[in-house]
Amino acid sequence: MRIWLDGGLRDLESARVSVFDHGLTVGDGIFETVKAADGRPFALTRHLDRLTRSARGLGLPDPDHDEIREACAAVLAANPMPLGRLRITYTGGHGPLGSDRGEHGPTLVVALGETTRRPDSTAVITVPWTRNERGALTGLKTTSYAENVVALGRAHEQGASEALFGNTVGQLCEGTGSNVFVVLGGEIHTPPVASGCLPGITRALAIEWIGARETDLPLDVLGRADEIFLTSTLRDIQAVHRVDDRELPAPPGPVTAKAMRVFAERSGDDLDP
């Protein structure tokens, strides 16, 4: 395995980040996960644009898109695989043991791991913890992910692959690493960014390509929706067959199945939409 670290490719054994890196000590960092099929990244421009938005939200210097593109190409060429998870991590860099940043500049890591195609449907649970739609990190893809680790662990304990959050006012928000869509009376709805959800890349493409509407939705909509599906970089569009104790009939339903077909066709026609 070859990894890009701060300007060049390194072997796994020599790719080491300081124990004083702010991304490790205080979670001061951002990241993107990019799907790569046969060495070709999908929607890389959108991911880099969001990486920059996240950097500005944390007050980090703008990442160098040209360097990151070079890093992605080098890592993909050095680690051939049919389907990969390309991870771009950008942190505050070497810093003091506290919240203040150091003067050493950011750390950039690009790594690749092999993955497999997701099943057509999955089970999800809801969790009692909430997303803060008014927090300083809302809408940013940061490395402060422990809340998601805890919630996803709860989901796995209950035989599910994802956990869904409401926000502080009881509205449906998002999953630990996915956005959620519901079908009501044949129409597709998803929570707006104002709900506190991450503006997902696949979410945005699904809204554009399948005509979903952004709608404030109560969390209990999951108990009456005709169909439910998730979107994320590695899931694409994935139907939900169970929410908590509720079984949904014959997933994917007709609206979700059409959305899955449209997404597969459009994403296959354009690798950088």
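It should be noted that the structure appears before, not after, this text.
Just so it is clear, the structure is predicted and the values come from calculations on it, not from any experiment. (Residues numbered from 1 in each chain as written. Predicted model: local features only at pLDDT ≥ 70, side-chain atom pairs only at ≥ 80, totals over all residues. Heavy atoms only, no water.)

Asks: I'd love a proper account of the state of the cysteines, names of residues and values included.
Replies: This structure, assessed with the given rule, holds zero disulfides. In this model Cys197 remains outside any disulfide bridge; the closest cysteine sulfur is found in Cys173, 5.4 Å from its own. Given a relative accessible area of 0%, Cys197 falls into the buried group. (Disulfide = S-S within 2.5 Å. Buried < 20%, exposed > 50% of the residue type's maximum accessible area, 1.4 Å probe, protein only.)

Asks: Give me the side chain of Ser267: which residues, what numbers.
Replies: Note that Ser267 resides in helix 6 (residues 254-269). Using a relative accessible area of 10% as the deciding quantity, one classes Ser267 as buried. Only 2.7 Å separates the side chain of Ser267 from the backbone oxygen of Phe263, close enough to count as a polar contact. Among the polar contacts listed, one links the side chain of Ser267 to the backbone oxygen of Ala264, at a separation of 3.3 Å. For Ser267, the residues in contact, after removing those within four places along its chain, are Phe42 and Trp209. (Helix = DSSP H or I, 4+ residues; strand = E, 2+ residues; numbered from the N terminus. Polar contact = N/O pair within 3.5 Å; in protein donor to acceptor, adjacent residues only side chain to side chain. Contact = heavy atoms within 4.5 Å.)

Asks: Tell me about the pattern of salt bridges, and please be specific about residues and values.
Replies: Enumeration according to the criterion identifies 13 salt bridges in this entry. For Lys35, the salt bridge identified is with Asp236, shortest N-O distance 2.9 Å. Residue Lys35 is found in strand 3 (residues 29-37), and its partner Asp236 is found in strand 14 (residues 236-243); the two are separated by 201 residues along the sequence. With a relative accessible area of 18%, Asp236 lands in the buried category. The residue Arg131 makes a salt bridge to Glu147 at a minimum N-O spacing of 2.6 Å. Of this pair, Arg131 sits in strand 7 (residues 121-131) while Glu147 sits in helix 4 (residues 146-157), and the two are 16 residues apart along the sequence. For Arg131, a relative accessible area of 9% translates into the label buried. We classify Glu147 as partly exposed; its relative accessible area is 41%. Through salt bridges with shared partners, a single ionic network connects Arg117, Arg118 and Asp120. (Salt bridge = Lys/Arg side-chain N within 4 Å of Asp/Glu carboxyl O.)

Asks: An account of the environment of Gln158 is needed here, citing residue identities and associated values.
Replies: Relative to the assigned elements, Gln158 resides in the loop between helix 4 and strand 8 (162-167). Using a relative accessible area of 41% as the deciding quantity, one classes Gln158 as partly exposed. C-alpha separation for the pair Gln158 and Val124, spaced 34 residues apart in sequence, amounts to 8.8 Å. Look past the residues within four positions of Gln158 in its chain and what remains in contact with it is Ile125 and Arg242.

Asks: Can you explain the packing of helix 5 (residues 201-210) against helix 6? Please cite residues and give values.
Replies: Two elements in contact, helix 5 and helix 6, have axes whose closest approach is 10 Å; the angle formed by their N-to-C orientations is 105°. Classified by the angle their axes make, helix 5 and helix 6 are roughly perpendicular. Along the contact surface, helix 5 presents Thr202, Leu205, Trp209 and Ile210, while helix 6 presents Ala259, Val262, Phe263, Arg266 and Ser267. (Axes fitted to C-alpha atoms, helices over the stretch in contact; angles between N-to-C directions. Parallel < 35°, antiparallel > 145°, perpendicular 65-115°, else oblique.)

Asks: Let's hear about the packing of aromatic side chains: which residues, and what values?
Replies: In this structure the tally under the stated criterion is four aromatic pairs. With a centroid separation of 5.2 Å and an interplanar angle of 85°, the aromatic rings of Phe31 and Tyr145 are classed as edge-to-face. One end of the pair, Phe31, is in strand 3; the other, Tyr145, is in the loop between strand 7 and helix 4, and 114 residues separate them in sequence. Residue classification places Phe31 among the buried positions, given a relative accessible area of 4%. (Phe/Tyr/Trp six-rings, centres within 6.5 Å; stacked < 30°, edge-to-face > 60°.)

Asks: Please set out the sheet that holds strand 3 residue by residue, giving values where relevant.
Replies: If you walk across this open sheet you meet the six strands as 2-1-6-5-3-4, and the pairing is antiparallel. Both outer strands of the open sheet, strand 2 (8-11) and strand 4 (40-41), are each paired with one neighbouring strand and no more. As defined by bridge partners, strand 1 (residues 2-5) adjoins strand 2 across four bridges and the pair is classed as antiparallel. Counterpart to Ile3 in the pairing with strand 2 is Arg10. Set on the sheet, helix 2 (residues 44-58) makes contact with strand 3, strand 4 and strand 5 (83-91); between it and strand 3 the angle comes to about 175°. (Pairing = 2+ DSSP bridges.)

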